[in-house]
Amino acid sequence: MKLIHLISGGDVGGAKTHVLSLLNGLRKEHQVLLVCFMEGPFAQEARDLGIPTEVMPGRNLFAIRNRLAERIGAEKFDLVHCHGSRANLIGYLLKGRIEAPVITTIHSDPKLDYLGRPLSNLTYGTANRRALKHLDGWVCVSRQLRDMQVTAGRDPSRTFVINNGVDFSNIQAPVPREAFWKQQGLEVGENSVVFGIAARIAPVKDIGSLICAFAGAVAQEPGIRLAIAGDGEQRRELEQLADKLCPKGTVRFMGWLTDTDSFYNALDVNMLTSLSEGLPYAIPEGARMSCATIATRVGAVPTIVIDNETGFLVEPGDVETLTERMLRVARDEGLRKRLGRAIFEKVRREFSVEATVRTQVQIYETILRRYRRSKSECKDGVLICGAYGKGNIGDETILESILQQLRSMDEDLPICVLSKMPRRTARQSNVRSIYTFSYFRLHRELRRVKLFISGGGSLIQDVTSTRSLLFYLHCLRWAHKRDCKVMMYGCGIGPVNRKRNRRRAARVIDACVDLITLRDPESERELRELGVSRPVIRVTADPALLQTVSRERQQMYEEYRKKAGIEKDGSYCLFALRPWNLARRKTGAFAAAAEYVYRQYGMTPVFFLLEPGKDREITQTVADMVHCPKLVLPPLEDGGMICALMRQMKMVVSMRLHALIFASGQGVPVVGVAYDPKVTGFMDYLGQENYVSLEEATDGTLCDCIDSAATSEAAEQEIVGRLRQLAGRNGQYAWQLLSGDPLE
């Protein structure tokens with residue numbers, strides 16, 4: 001690849017380290033050119049490393065833009081990579097004049113880059129944020145920064161995460177500790193513990209809180225010292241603060257250092273007090289020298305600094321806790337050594353510069369593929385419509401399963417999702433999303449995409465309202481008129497009660513839909529009774545059955561479990577309720593059933609909100625009526641974590657269909673309370689008889705079902721396996737429709 005990187009040339013700290021180490025790695029296998037917009041130490045360090053470097057000085061951005069456009073076109077660079085606000089602005093100006101994608105690396109929160117400098121924020125900050133919107137890709141140095149960008153409206157398929165890597169193979173021989181501090185003018189005794197921070201001295205780094213915390217600590221431990229390496233607009237102000245609060249000779253401002261290896265080697269404790277960060281180089285660079293670490297819980301810092309394992313975490317601005325942690329490590333040499341060894345091993349294992357370069361190359365390749373594909377004028381991609389962004393985890397899990405299947409067949413497939421909360425959907429599902437009722441954008445998307453999916457759940461029904469049915473039918477009609485292939489994906493049908501609605505549904509589905517996959521045979525019967533005959537119909541299974549528990553989700557569940565009070569070896573029965581007509585009259589029966597599972601089987605009842613906005617009131621009402629030990633669990637927004645929760649249950653009693661699906665998929669005995677035919681349809685499809693209608697739910701009938709479930713086997717694994725295989729066919733059928741292959 002031929003890559004051109006743009007940067008102002010006045011950068012310092014982590015951004016400078018990231019760019020130089022990245023380019024130094026890339027140049028070994030790819031042709032790279034670094035363009036700085038000013039001469040200075042940055043450009044010279046790049047030349048010293050052997051990185052091809054040019055300087056294009058000047059204030060006329062358009063003249064620089066023209067020179068760069070001519071150079072990029074003549075030498076046929078594949079990609080332009082920007083770093084920093086000035087480069088981002090020039091990159092934006094280049095778009096439309098070059099045939100190459102323009103991307104940027106985001107090293108920090110753009111809203112805080114000019115914190116404390118209102119005029120600069122109004123000018124440079126505003127220009128940078130506007131330019132960012134129009135680039136072709138965003139590479140973020142932490143997942144938190146990526147989430148910020150996606151929430152701000154960036155396309156998740158073009159937004160990536162990369163770790164700041166450090167080079168463990170190139171540690172310079174450090175100056176001995178005593179000699180180093182003597183050079184720097186800091187009086188350090190044999191038993192002194194030195195705390196240090198290397199950072200730009202700016203408001204976002206909140207070094208003022210560090211000085212205040214140190215002042216509190218040094219009053220109790222006079223032998224400790226604080227070294228501050230760096231420079232910036234707050235230096236004079238903070239020097240005055242240190243002179244006022246701290247004993248003379250205990251704090252040293254050192255300016256920018258070129259020999260950071262000697263600095264971190266001479267430290268006992270590496271500090272970070274930032275209000276906002278991506279993944280600052282100061283943390284892995286300190287870890288490289290086995291420094292114990294105290295840092296604020298910001299950005300991606302917690303991915304390295306695990307509280308009380310690889311360091312200590314404090315909340316930003318919490319001076320009191322920071323003082324306490326500083327005293328704790330100052331007084332315990334064994335603790336300092338343990339934390340230093342732990343963070344060294346973690347960083348060496350997970351944050352090497354080689355891994356950073358490999359990841360960046362993969363990002364370039366992905367961006368180039370998707371950029372070239374986006375230039376095609378043919379219809380391409382998928383638009384997915386469903387009950388998404390409404391807070392129902394069952395529906396969100398259906399979406400995750402659809403996306404997973406489509407991406408397994410084409411990782412670069414353009415996908416867009418209609419959602420009531422598009423930014424939340426984009427962040428959680430890593431997919432481009434638009435507002436459900438943005439009709440202009442909906443029509444524009446339909447002109448672009450090749451396949452329209454009406455996905456999952458019971459969308460064709462009028463129990464909720466006729467309006468929702470009409471909306472989904474209109475979407476099918478609009479997609480058909482825009483020459484899209486149309487699929488109803490793993491859905492349930494009905495009930496459609498009103499005669500006029502039944503005629504509407506049959507007419508639209510017959511005229512506009514190419515393929516229907518259904519989650520149970522009952523839905524097929526309902527569809528036939530409506531009079532639908534033209535589309536291809538296949539009975540498969542609910543897509544949510546494909547949800548699995550990844551290692552990452554299991555780790556996240558473990559944290560959730562501890563906070564929720566769930567014992568690892570405890571015995572629990574989960575209840576999932578919903579406020580449906582007669583359900584409010586049945587609260588006593590549900591409470592009695594909860595007490596019964598505790599008294600008869602020793603299972604602690606736990607109450608879970610599958611759709612918090614709707615389920616909270618009835619769930620809390622029942623929980624308040626239960627007098628045995630119980631738990632009301634915090635909501636979850638991730639299907640994988642819910643599956644991990646279900647896996648720990650001994651039994652699940654549920655009105656919610658997807659709680660039954662999640663539990664059955666994990667082999668857990670279930671009791672269904674059927675408020676809707678879709679619940680009975682699933683239980684029958686599963687071959688389970690442990691269910692009762694909501695009308696017939698009493699203390700006795702619920703307890704009978706619980707006894708039956710407790711003494712019978714959970715759903716046979718071969719049945720669940722068969723249903724998962726059928727659920728997988730949903731995606732296969734969608735791909736055949738998308739690719740034009742004949743349907744099986």
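Here's what I pulled together on the structure shown here.

The rules behind the values
Residues numbered from 1 in each chain as written. Predicted model: local features only at pLDDT ≥ 70, side-chain atom pairs only at ≥ 80, totals over all residues. Heavy atoms only, no water. Helix = DSSP H or I, 4+ residues; strand = E, 2+ residues; numbered from the N terminus. Contact = heavy atoms within 4.5 Å. Core = buried A, V, L, I, M, F, W, Y, C linked by side-chain atoms within 4.5 Å. Buried < 20%, exposed > 50% of the residue type's maximum accessible area, 1.4 Å probe, protein only. Patch = residues over 30% accessible without salt bridge, like charges linked within 9 Å, V, L, I, M, F, W, Y side chains within 5 Å. Areas by Shrake-Rupley, 256 points an atom, 1.4 Å probe, with all protein chains shown as cover. Salt bridge = Lys/Arg side-chain N within 4 Å of Asp/Glu carboxyl O. Pairing = 2+ DSSP bridges. Axes fitted to C-alpha atoms, helices over the stretch in contact; angles between N-to-C directions. Polar contact = N/O pair within 3.5 Å; in protein donor to acceptor, adjacent residues only side chain to side chain. Parallel < 35°, antiparallel > 145°, perpendicular 65-115°, else oblique. Left-handed = near helix turned anticlockwise from the far one by under 90°. Nonpolar A, V, L, I, M, F, W, Y, C, P; charged D, E, K, R; others polar. Lys, Arg positive; Asp, Glu negative; His and termini not counted. Charge placed at Lys NZ, Arg CZ, Asp CG, Glu CD. Phe/Tyr/Trp six-rings, centres within 6.5 Å; stacked < 30°, edge-to-face > 60°. Expected span 1.5 Å × (residues − 1). Bend = angle between axes of the 7 residues up to and from the residue.

1. Some remarks on the environment of Arg370
Within the fold, Arg370 resides in helix 15 (residues 353–374). Those residues in contact with Arg370 that lie beyond four places of it in its chain are Ser157, Phe160, Glu411 and Asp412.

2. Looking at the nonpolar core
Grouped together as the largest cluster of nonpolar side chains are 98 residues, with contacts concentrated most on Ile384, Leu406, Ile453, Leu574, Phe608, Leu633 and Leu645. It is helix 29 (residues 717–739) that provides the largest number of residues to this core, a total of 8 residues. Not counting residues within four places of it along the chain, the set of residues in contact with Phe608 comprises Tyr560, Leu574, Phe575, Ala576, Leu633, Pro634, Pro635, Leu636, Ile642 and Leu645.

3. Considerations on a nonpolar patch on the surface
A cluster of nonpolar side chains, contributed by Tyr435, Phe437 and Tyr439, occupies part of the molecular surface with about 290 Å² of accessible area. Residue classification places Tyr439 among the partly exposed residues on the basis of a relative accessible area of 40%.

4. Observations regarding the pattern of salt bridges
Across all of its chains, the model carries 34 salt bridges by this definition. The partner of Asp261 in a salt bridge is Arg288, and the shortest N-O contact between them spans 2.6 Å. You can see Asp261 sitting in helix 10 (residues 260–266) and its partner Arg288 sitting in helix 11 (residues 282–288), a full 27 residues away along the chain. For the pair shown, Asp261 and Arg288 are each scored as buried. Between Arg498 and Asp462 there is a salt bridge, with the nearest N and O atoms lying 3.5 Å from each other. One end of the pair, Arg498, is in the loop between strand 18 (485–491) and helix 20 (499–512); the other, Asp462, is in the loop between strand 17 (451–455) and helix 19 (466–481), with 36 residues separating them in the sequence. Accessibility expressed as a relative area gives 2% for Asp462, which makes it buried. Overlapping salt bridges bring together Arg369, Arg370, Glu411 and Asp412 as one network.

5. Things to note about the sheet that holds strand 9 (residues 225–229)
If you walk across this open sheet you meet the 6 strands as 10-9-8-11-12-13, and the pairing is parallel. Each edge of the open sheet is held by one strand with a lone partner, namely strand 10 (251–255) and strand 13 (312–314). Adjacent strand axes in the sheet meet at a mean angle of 20°, parallel and antiparallel pairs treated alike. Here strand 9 pairs with strand 10 via 4 bridges, running parallel.

6. Structural notes on the side chain of His30
Relative to the helices and strands, His30 resides in the loop between helix 1 (13–26) and strand 2 (31–36). Among the polar contacts listed, one links the side chain of His30 to the backbone nitrogen of Met1, at a separation of 3.3 Å. In this structure His30 touches Met1, Leu3 and Val361, once residues within four positions along its chain are discounted.

7. Quick word on the packing of helix 25 (residues 639–648) against helix 26 (residues 657–665)
The relative placement of two packed helices comes down to the angle between their axes together with the axis-to-axis distance. Running from N to C, helix 25 and helix 26 point in directions that differ by 65°, and their axes come no closer than 8 Å. With respect to each other, helix 25 and helix 26 are oriented roughly perpendicular. Handedness of the crossing formed by helix 25 with helix 26: right-handed. Side by side, helix 25 and helix 26 meet where Ile642, Cys643 and Met646 of the first sit next to Ala659, Phe662 and Ala663 of the second. Each residue belonging to the contact of helix 25 with helix 26 can be placed in one class, and the counts come to 6 nonpolar, no polar and no charged.

8. Structural notes on the sheet that holds strand 26 (residues 691–693)
Read across the open sheet, the 6 strands follow the order 23-22-21-24-25-26; overall the sheet is parallel. Looking along the sheet, the strands with just one partner apiece sit at the ends: strand 23 (631–632) and strand 26. Pairing geometry for strand 21 (residues 572–576) and strand 22 (residues 604–607), over 4 bridges, is parallel. Bridge pairing in strand 22 places Leu574 opposite Val606.

9. A look at the side chain of Asp155
Here Asp155 is to be found in the loop between helix 6 (143–151) and strand 7 (159–161). A polar atom in the side chain of Asp155 sits 2.9 Å from the side chain of Ser157. Setting aside anything within four residues of it in sequence, one finds Asp155 in contact with Trp138 and Arg432.

10. Remarks on a positive patch on the surface
Where like charges cluster on the molecular surface, the positive patch consists of Lys499, Arg500, Arg503 and Arg507. One can find Arg503 in helix 20.

11. A closer look at the packing of aromatic side chains
Under the counting rule described, the total for this entry stands at 12 aromatic pairs. Arranged with centres 5.2 Å apart and planes meeting at 70°, the rings of Phe263 and Tyr264 form a pair that is edge-to-face. For Phe263, a relative accessible area of 1% puts it in the buried group. When its relative accessible area of 2% is taken as the criterion, Tyr264 is described as buried. Judged by centre distance (4.9 Å) and plane angle (55°), the rings of Trp580 and Tyr675 are tilted. Residue Trp580 is located in the loop between strand 21 and helix 23 (587–601), and its partner Tyr675 is located in the loop between strand 25 (670–674) and helix 27 (677–686); the two are separated by 95 residues in the primary sequence.

12. What about the pairing of strand 15 (residues 415–419)?
The buried count for strand 15 comes to 5 of 5 residues, which makes it a mostly enclosed element. Residues Ile415, Val417 and Ser419 point to one face of strand 15 and Cys416 and Leu418 to the other, with burial holding for every one of them. Relative to strand 15, strand 14 (residues 382–385) runs parallel, the two sharing 3 bridges. What sits directly across from Leu383, in strand 15, is Cys416.

13. Regarding unusual backbone geometry
Cis geometry marks the peptide bond from Gly494 to Pro495; its omega dihedral reads 0°. One can find Pro495 in the loop between strand 18 and helix 20. In this structure, Lys76 is a non-glycine residue whose phi angle is positive, near 55°. With phi around 70°, Asn308 is a residue other than glycine that occupies positive phi space. Mapping Asn308 onto the fold places it in the loop between helix 12 (301–304) and strand 13. We classify Asn308 as partly exposed; its relative accessible area is 35%.

14. Focus on the packing of helix 4 (residues 85–94) against helix 5 (residues 118–133)
Helix 5 packs onto helix 4 with a crossing angle of 45° between their chain directions and a minimal axis gap of 8 Å. Here helix 4 lies oblique to helix 5, going by the angle between them. Relative to helix 5, the crossing made by helix 4 is left-handed. Residues Ser85, Asn88, Leu89 and Tyr92 of helix 4 lie in contact with helix 5, whose contacting residues are Ala127, Asn128, Ala131 and Leu132. Looking at side-chain class alone, the contact of helix 4 with helix 5 contains 5 nonpolar, 3 polar and no charged residues.

15. Quick look at helix 5
Given a rise of 1.5 Å per residue, 16 residues ought to cover 22 Å, and the 21 Å separating the end C-alpha atoms of helix 5 matches this to within 8%. Residue Gly125 marks the point of greatest curvature in helix 5, where the axis turns by about 35°. For helix 5, the full list of buried residues reads Ser120, Gly125, Asn128, Ala131 and Leu132. In this fold, the buried residues of helix 5 make contact with helix 4, strand 5 (102–106) and strand 6 (137–140).

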